[in-house]
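Remarks on the overall topology
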Amino acid sequence: MERVLEELDEVRTAPEADAVHDLRVALRRCRSLARVMEEVDPDPAWPKMRKIGSKLFKQLGALRDTQVLEEWVSKLGAEGGVVRQRLLTHLGKNEAEERAAALRAAGKFDAKAWKSYERVLGHRARIVAPNSLAAKSLALERLTAARELHLKALRTVKPEPWHELRIGVKRFRYTVESLLPELYESWGEDLKRVQDLLGEVHDLDVLAETIARVAGDEPEEARASWMERIAAERETRLDEYRQLCMGEKRLWQDWKQGLPQGEQLEAAAMARLQATARALGANRGKAAQVGRIAMRLFEELRRVKAGAVFAKTSLNKVMRAAARMCGIGTGLRAKSPQKAARKFLQRLPLPVGWTEPEWDLLGLVVKYHRGEEPRVKQKGYGRLTKEERQAVCAMAGVLRLARVLPKCDVESNQGLRVERSVDALILRAAGLVDSEMAAARVAAGKHLLETVLDRPLIVQGVAVGAKVVEMVRKEEALQVAVVGSASD
C-alpha cells in the first residue's frame, strides 16, 4: 500500500507507459490480496480499500491497454501501411483522452483514507501468516480454479477461455507472491513468464478486435496480412505456454506438488477455517473453551458407541470445524449471530478437500448450536435426509451441551467421561455444580443431543479434588507395577 502512494506520485508527475504500468501493478497487488483476505476475514476494511482504488485502477487499465496496443501496432505494422496509420491515429486520440482521465482519477485518489486503511489492514493481514498452512490452502484454491481454466482453454483457440485463464493465473501468482514468499522464490520466474505469455495472447486478441472495429472498411488484403501476423505471433506464444505447462517442466504439476496434498488437505483447510475463527474472535476465551469441551464430549460419545451417527468417521472433519467456528457469529455483530454465521460460511468459497454436503452440514451445525432447535419445516434443515438431520442434531447437540457446562462451573475438558449403564449414558463432569439452576441449564442443553442418542443422558458432577486423588492413585499403582516387573 505504501508502494501505491510512491507510484502515484510518479504518475501524477509524468503518466508514461512504465509509470502507469508500475502503479497499476502496485494497485493490483493490494486488490488481489484484499480479495484473498476477504475469504478469511470479513472485516469491512478490505472491500473499502479495494473501492478506494477501483476507479483509478480502471482508468489506468484503459490507458495501459491503449499504450500496449500502440506498441504492437508499431511492431507488427509496415511503415506507411494504411491500416497501421489508421490504428495509430485512433489509438493516439484514445490515449490523449485516457491519459487525461487517468490524471483526473489520480488527482482524486483519497490518499488520506488509503493511509488509514493501511494501518488497519497491516494488522488484519497477520491473521494469515506467510508460508502457513492457511496461506497454502488459499493458494491451492486458486491453483485448482486456474487449472480448471487451463484445461478448458486447451480445448479451443477462442479468445475468451484464454482470457479467463490469464486472470486465473494472475490471481494465483499474486496469492503466492503475497502469502507464500518462500515458494515464490522458486516459482516466481515461471509464474511471471506464463502470465506474460497469456497477457500477450490477450493483447493480440484485442488488437484483432480493434482492427475489425476501426479498420473494417479497409481492403480485405490489407486486413488479412495483419490477421496472419497476429495469428503467427499468437500461436508462437501458445506453443511456448504448452511447452512450459505440458512439456518437460510440467508447471501445473510442479505447483500442485508444492502445496498440500492427500492427508495434508484436511489440515490445510482446517487452518484456513481457524484463521477465520481467529479473525472473528472465536479462538479466544469462552468460544475456545466450548470448542475443547465439545470435541472431548464428541469423542467420548463415539468411544461408548452412543448412537449410529457417532460411528460415522466422515463427521470428524465437520465436528472439528464446527467446534472452532461455533463462536464466529458474535464477531459478525448481527441481530441473529447464528444465522449470520451460516450465511457468512455459505458465501465463502468451498475449501479444497471439502464437499458441498459437508460444507452445508457445517453451516447448519453452526446455526443450530444455540437458539431455537432445528425443525423439519425449516428450509435448510428440512431438505436434508434423515441421516443428515441426525448428524446436524448430534453435532449441534454436543455444542449446545458444551456451551452449558462452563456456566455450571465445568472449566475444562479434563475429567469429562461418558459411561454406559444398562438403561442410560452417564456423563461425569469435574466441577459440575449441584443446584437447581445448573440442573435446569443442563436439561435444556442436552435436549437436542438426547434426540439422537440410543438412551437417556444423565449428567453428574465429580468433585475436582476427588478426580485429582483418583489420578494420583492410578499413577502410583502404575509405578508400583513397573517397579515390580523390573525387580522380577
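Worth saying up front: this structure is predicted, and the values here are computed from it rather than measured. (Residues numbered from 1 in each chain as written. Predicted model: local features only at pLDDT ≥ 70, side-chain atom pairs only at ≥ 80, totals over all residues. Heavy atoms only, no water.)

**Quick word on the pairing of strand S3 (residues 457–462)**
Basically, it comes down to this: The criterion for strand pairing is that DSSP finds at least two bridges linking the strands in question. A run of H or I in DSSP counts as a helix once it spans at least four residues, and a run of E counts as a strand once it spans at least two, with each numbered from the N terminus. Looking down the strands as they point away from the viewer, one classifies a crossover as right-handed if the path from the first strand across the helix to the second runs clockwise.
As defined by bridge partners, strand S2 (residues 425–430) adjoins S3 across six bridges and the pair is classed as parallel. The partner of Leu 427 across the bridge, within S3, is Val 459. Between the parallel pair S2 and S3, the chain is carried across by helix H19 (residues 436–450), and the sense of this crossover is right-handed.

**Notes on a positive patch on the surface**
Cut-off, in case you're wondering: Patch members must show over 30% relative accessible area and no salt bridge, and they are joined within 9 Å when carrying like charges or within 5 Å when they are nonpolar side chains of Val, Leu, Ile, Met, Phe, Trp or Tyr. Residue exposure ignores everything except the shown protein chains as possible cover, and the areas themselves are Shrake-Rupley values with a 1.4 Å probe. A pair is scored as a salt bridge if a Lys or Arg side-chain nitrogen falls within 4 Å of a carboxyl oxygen belonging to Asp or Glu. Only four residue types enter the charge count: Lys and Arg as positive, Asp and Glu as negative, with His and the chain ends excluded. All charge positions are set by atom: Lys at NZ, Arg at CZ, Asp at CG, Glu at CD. Each residue is assigned to one of three classes by its accessible area relative to the maximum for its type, calculated with a 1.4 Å probe on protein chains only: buried under 20%, partly exposed between the two thresholds, exposed over 50%.
Among the surface-exposed residues, Lys 286, Arg 370, Lys 407 and Arg 441 lie close enough to one another that they form a single positively charged patch. With respect to the helices and strands, the residue Arg 441 is situated in helix H19. For Arg 441, a relative accessible area of 35% puts it in the partly exposed group.

**Some words on the pairing of S2**
The buried fraction of S2 amounts to five of the six residues, a majority that puts the element mostly inside the structure. Here strand S1 (residues 417–420) folds back onto S2 in antiparallel fashion, the turn holding four residues.

**Some remarks on the sheet that holds S2**
We apply this condition: Angles run from 0 to 180 degrees between N-to-C directions of axes, and those axes are lines fitted to C-alpha atoms, restricted for helices to the stretch in contact.
With mixed pairing, three strands are arranged side by side in an open sheet as S1-S2-S3. Each edge of the sheet is formed by a strand with only one pairing partner; in this case those strands are S1 and S3. Ignoring which end each strand starts from, the neighbouring axes of this sheet average 25 degrees apart. Sheet topology places S1 next to S2; four bridges connect them, and they run antiparallel. Bridging across to S2, Glu 419 finds its partner in Ile 426.

**Quick word on the nonpolar core**
Formally: Residues belong to a common nonpolar core when they are buried Ala, Val, Leu, Ile, Met, Phe, Trp, Tyr or Cys residues joined through side-chain atoms within 4.5 Å.
Residues Leu 301, Phe 310 and Leu 362 are the most contacted members of the largest nonpolar core, which totals 68 residues. Per-element accounting of this core gives the leading share, 11 residues, to helix H18 (residues 386–404). Counting 65 residues, the second largest nonpolar core, distinct from the first, contains Leu 5, Ala 45, Val 128 and Tyr 241.

**Points about the packing of aromatic side chains**
Rules: Any two rings among Phe, Tyr and Trp, with Trp reduced to its six-membered ring, count as a pair given centres within 6.5 Å; such a pair is stacked if its planes are under 30 degrees apart, edge-to-face if over 60, and tilted if neither. Here, a charge over a ring means that NZ of Lys or CZ of Arg falls within 6 Å of the ring centre while also lying within 35 degrees of the ring normal.
Tallied over the full model, the rule gives eight aromatic pairs. A centroid spacing of 5.3 Å and a plane angle of 55 degrees characterise the contact between Phe 109 and Trp 114, whose relative ring orientation is tilted. Residue Phe 109 is classed as buried on the basis of its relative accessible area of 7%. The buried category is assigned to Trp 114, whose relative accessible area is 0%. An aromatic cluster of three or more residues is present, and its members are Phe 172, Trp 187, Trp 252 and Trp 255. Against the face of Phe 57 rests Arg 24, its NZ or CZ located 4.5 Å from the ring centre.

**Overview of the packing of helix H8 (residues 181–214) against helix H9 (residues 220–246)**
In plain terms, the rule: Roughly parallel covers angles under 35 degrees, roughly antiparallel covers those over 145, roughly perpendicular covers 65 to 115, and oblique covers all other angles. The handedness criterion is simple: a crossing whose near helix is rotated anticlockwise from the far helix by less than a right angle is left-handed, and one whose near helix is rotated clockwise is right-handed. By definition, residues are in contact when any of their heavy atoms lie within 4.5 Å. Amino acids are sorted into nonpolar (Ala, Val, Leu, Ile, Met, Phe, Trp, Tyr, Cys and Pro), charged (Asp, Glu, Lys and Arg) and polar (every other residue, Gly among them).
The geometry of H8 relative to H9 is characterised by a closest axis approach of 10 Å and an angle of 160 degrees between their N-to-C directions. Regarding the angle of H8 to H9, the classification is roughly antiparallel. H9 is crossed by H8, and the crossing has left-handed handedness. Between H8, through Arg 193, Val 194, Leu 197, Leu 198, Glu 200, Val 201, Leu 204, Asp 205, Leu 207, Ala 208 and Ile 211, and H9, the contact on the second element is made entirely by Arg 223, Trp 226, Met 227, Ile 230, Glu 233, Arg 234, Arg 237, Leu 238, Glu 240, Tyr 241, Leu 244 and Cys 245. Class assignment of the residues belonging to the contact of H8 with H9 gives a composition of 15 nonpolar, no polar and eight charged.

**Examining the pattern of salt bridges**
Evaluated as defined, the whole model comprises 30 salt bridges. Notably, a salt bridge pairs Arg 3 with Glu 7, separated by 2.7 Å at the nearest N-O pair. You can see Arg 3 and its partner Glu 7 sitting in helix H1 (residues 2–13), four residues apart, about one turn around the helix. Residue classification places Arg 3 among the partly exposed residues on the basis of a relative accessible area of 47%. For Glu 7, a relative accessible area of 9% translates into the label buried.

**Considering helix H4 (residues 82–108)**
What counts here: In this analysis, the expected span of each helix is defined as 1.5 Å times one less than the number of residues it contains.
Relative to the 39 Å expected for 27 residues at 1.5 Å per residue, H4 spans 39 Å between its end C-alpha atoms, a close match to the ideal helical length. Every buried residue of H4 is listed here: Val 83, Arg 84, Leu 87, Leu 91, Asn 94, Glu 95, Glu 98, Ala 101, Ala 102, Ala 105 and Ala 106. Of the surrounding elements, those touching the buried residues of H4 are H1, helix H3 (45–76), H8 and H9.

**Points about helix H5 (residues 111–124)**
Counted at 1.5 Å a residue, the expected span for H5 with its 14 residues is 20 Å, and the 20 Å between its end C-alpha atoms agrees. Every buried residue of H5 is accounted for by Ala 113, Trp 114, Tyr 117, Leu 121 and Arg 124. Against H1, helix H2 (17–38), H3 and helix H11 (264–279) lie the buried residues of H5.

**So, the packing of H3 against H4**
Their axes nearest at 9 Å, the elements H3 and H4 cross at an angle of 155 degrees. The angle between the axes of H3 and H4 places the two elements in the roughly antiparallel class. In the packing of H3 onto H4, the handedness of the crossing is left-handed. Tallied by class, residues from the contact of H3 with H4 come to 13 nonpolar, six polar and five charged.

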